[in-house]
Amino acid sequence: MRLSRFFLPILKETPKEAEIVSHRLMLRAGMIRQQSAGIYSWLPLGHRVLRKIERIVEEEQARAGAIQLLMPTIQSADLWRESGRYDAYGKEMLRITDRHERDMLYGPTNEEMITDIFRAYVRSYKDLPLNLYHIQWKFRDEVRPRFGIMRGREFLMKDAYSFDLDQERAVEAYNRMFVAYLRTYKRMGLTAIPMRAETGPIGGDLSHEFIVLADTGESEVYCHADYLDKAIPGDDVDFDSDLSPIVADWTSHYAATEDVVDKGEFEASVPEDKRIVARGIEVGQTFYFGTKYSDPMGAKVATADGTEVPVHMGSYGIGVSRLLGAIIEASHDDDGIIWPASVAPFHVGLVNLKAGDELTDTACEDLYGKLERAGIEVLYDDTDARAGSKFATMDLIGLPYQVVGGPRGLKDGVFEVKNRATGEKEMLSPEATLNKLVAALTA
Ligand code: ATP
Ligand code: MG
């Protein structure tokens, strides 16, 4: 992508309304624009990152056997009356009346709707296990939207729903999502710790919140330090096998949010030098809630002997849009964002220091074409802005590599290649630049 033809509205000033670094950087880097409280447009740079995060989530959901569909944002209140949540949900639910005076709502979550889909089609235990998910906008009329997209009113969530014959199998489904979550966050460069959690309005018996430690997080958390460098299940993990040993290992140390913490147990089970009391960002939550929805809504399956039983369910959310903020909170410096390559909006920023100079233009255009043909996503700054402003923009938007081509270096046949995370710089020939980036950025 040529910067001259891209839409990247960089802000020079630090926006006053932004209290935390991820919000500031997202505004400055032209990733989002607030349209009203807690409601954002995703500008092209932000949208590219959002799509990358979605793709990782989709790949890991598929690996764990979940099947993607898409449900609407607007739901009928009648469904929620069936489960009893229409009156119970509270003011976070945006209630809407259509022209026929029918009660509708903008979905804050989809347990009722997926249960309705399930009961319409599935009759037999032979169709289980089933896990259906979507990535869709949610609306919750948060009393205090803040921190940009971290606590929005409209936000993008991945929500999966598992259906199983009994509790034992439902826990197996839960374990598959649990392991998928560990892998999903890791692929985005995050360490997310599964913590015992309260079940809130979703309800249920078993639940974990996946928490990324950050000073700007909204929850206080208590956990064992060994979680910080615990190995994550690799690509070879078999989702058809018994995953309970992995889950048992990942829940063997103490980790709980402030809502459910038992400080006595925390102190008794975690040695003093391993105790972490910190703030954290909730990037996902998993629930097993048995027949809480299937019972009142009549979602039943026939067992092998022909009796009908309500299906056992779980639900599994990931805050897709919140993850952008969490990743930036975890990975930035004074100059801007430092994207992990897996979610970076582009892999490489190619800076032409003297647009219009024949030697520089030719070398940059040639490298740009070769990188793109190698499958590397390049943002090519072909504008005539000042060098200082070009460098500042590149540092701000945080692409993993910057390649700078100027008349001085190119006279000697070299580009300057900078690693954004380490700051390390090398002078490399065009061919060596290409080889290095291909090796570093393509699998
Ligand atoms: P919170 O406690 O932060 O209000 P929640 O527990 O109500 O979140 P869940 O129902 O568990 O949220 O939703 C699944 C995920 O969606 C959360 O783990 C979080 O990452 C994300 N999420 C929830 N509310 C918001 C919001 N207002 N803005 C952005 N992301 C959100
Ligand atoms: Mg939650």
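Our subject is the structure listed above.
Our subject in this report is the structure included herewith. The model shown is predicted, which means the values in this text are computed figures rather than measured ones.

Glancing now at the site of ligand 1. Close to ligand 1 lie 14 residues, the nearest being Arg-140, Glu-142, Arg-151, Gly-152 and Glu-282. With respect to ligand 1, the side chain of Glu-142 contributes an N or O atom lying 2.8 Å from a nitrogen atom. Within the backbone of Gly-152, one N or O atom sits 2.8 Å away from a nitrogen atom of ligand 1. Protein coverage of the free-state accessible area of ligand 1, which is 580 Å², stands at 85%. Among the elements of the structure, strand S8 (154–164) and strand S13 (275–290) are those that each provide at least two residues to the shell around ligand 1.

So, about the environment of Met-31. Inspection of the secondary structure assignment puts Met-31 in the loop between helix H1 (21–28) and strand S1 (32–36). On the basis of relative accessibility, which here comes to 0%, the residue Met-31 falls in the buried class. Sequence separation between Met-31 and Ala-64 is 33 residues, and the spatial gap between their C-alpha atoms is 31 Å. Excluding its chain neighbours within four sequence positions, the residues that come into contact with Met-31 are Met-26, Ser-41, Trp-42, Leu-43, Leu-45, Gly-46, Val-49, Leu-324, Ile-337 and Trp-339.

Here we take up the sheet that holds strand S19 (residues 348–352). Pairing between sheet strands relies on hydrogen bonds along the backbone, with the strands arranged either parallel or antiparallel. Across the sheet, 5 strands lie side by side as S20-S19-S21-S22-S23; this open sheet has mixed pairing. Among the strands making up the open sheet, the edge pair consists of strand S20 (378–381) and strand S23 (425–428). Taking the axes of each pair of neighbouring strands and ignoring which way they run, one obtains an average angle of 20° across the sheet. Packing of helix H11 (residues 358–373) onto the sheet brings it into contact with S19, S20, strand S21 (401–405) and strand S22 (415–419), and relative to S19 it is tilted by some 165°. Strands in contact with helix H14 (residues 430–441) are S19, S21, S22 and S23; relative to S21, the strand with the most contacts, it is inclined by about 170°.

Let us look at the pairing of S23. Bridging between S22 and S23 involves 4 bridges; their strand directions are antiparallel. Pairing of Phe-415 across the sheet is with Leu-428, part of S23.

Right, let's talk about the packing of helix H2 (residues 44–63) against helix H10 (residues 320–330) for a bit. Closest axis-to-axis distance for the H2/H10 pair is 9 Å, and the angle between their directions is 110°. Classified by the angle between their axes, H2 and H10 sit roughly perpendicular to one another. Within the contact between the two elements, H2 uses Gly-46, Val-49, Leu-50, Ile-53 and Glu-54 and H10 uses Val-320, Ser-321, Leu-323, Leu-324 and Ile-327. Grouping the constituent residues of the contact of H2 with H10 by class yields 7 nonpolar, 2 polar and 1 charged.

A few words on the sheet that holds strand S5 (residues 94–97). An order of S4-S6-S5 is seen for the 3 strands of this open sheet, with the pairing classed as antiparallel. If you trace the sheet from one side to the other, it starts and ends with strand S4 (74–76) and S5, each paired once. Each strand axis lies, on average, 35° off the axis of its neighbour in the sheet, ignoring direction. Where S5 meets strand S6 (residues 103–106), 4 bridges bridge the pair, whose relative direction is antiparallel. Along S6, the bridge assignment pairs Ile-96 with Met-104.

A few words now on the packing of H11 against H14. With their axes 11 Å apart at the nearest point, H11 and H14 run at an angle of 25° to one another. Compared by their axis directions, H11 and H14 come out roughly parallel. Crossing of H11 over H14 shows right-handed handedness. Residues Leu-367, Lys-370 and Leu-371 of H11 form the contact with H14, whose own contacting residues are Pro-430, Thr-433, Leu-434 and Leu-437. Broken down by class, the residue content of the contact of H11 with H14 amounts to 5 nonpolar, 1 polar and 1 charged.

Below, the discussion takes up the side chain of Lys-138. Within the fold, Lys-138 resides in strand S7 (residues 130–139). Of the polar contacts made by the side chain of Lys-138, one reaches the side chain of Asp-159; its length is 2.8 Å. Other than its neighbours up to four places away in sequence, Lys-138 contacts Tyr-106, Gly-107, Pro-108, Thr-109, Asn-110, Arg-153, Glu-154, Phe-155, Met-157 and Asp-159.

With that out of the way, let us pick up the nonpolar core. As a rule of thumb, nonpolar side chains are buried together in soluble globular proteins. Residues Met-31, Ile-53, Tyr-185, Val-283, Leu-324 and Trp-339 are the most contacted members of the largest nonpolar core, which totals 81 residues. Top element by residues in this core is helix H6 (residues 167–187). It accounts for 10 residues. Setting aside residues no more than four positions away along its own chain, Ile-53 makes contact with Met-188, Val-320, Leu-323, Leu-324, Ile-327 and Val-343. Counting residues in hydrophobic clusters, the runner-up holds 27 residues, among them Tyr-86, Val-122, Leu-165 and Phe-289.

Reading the values: the criteria
- Residues numbered from 1 in each chain as written.
- Chains lettered and ligands numbered in written order.
- Predicted model: local features only at pLDDT ≥ 70, side-chain atom pairs only at ≥ 80, totals over all residues.
- Heavy atoms only, no water.
- Near = heavy atom within 4 Å.
- Polar contact = N/O pair within 3.5 Å; in protein donor to acceptor, adjacent residues only side chain to side chain.
- Areas by Shrake-Rupley, 256 points an atom, 1.4 Å probe, with all protein chains shown as cover.
- Helix = DSSP H or I, 4+ residues; strand = E, 2+ residues; numbered from the N terminus.
- Buried < 20%, exposed > 50% of the residue type's maximum accessible area, 1.4 Å probe, protein only.
- Contact = heavy atoms within 4.5 Å.
- Pairing = 2+ DSSP bridges.
- Axes fitted to C-alpha atoms, helices over the stretch in contact; angles between N-to-C directions.
- Parallel < 35°, antiparallel > 145°, perpendicular 65-115°, else oblique.
- Nonpolar A, V, L, I, M, F, W, Y, C, P; charged D, E, K, R; others polar.
- Left-handed = near helix turned anticlockwise from the far one by under 90°.
- Core = buried A, V, L, I, M, F, W, Y, C linked by side-chain atoms within 4.5 Å.

That is the geometry; function is a separate question.
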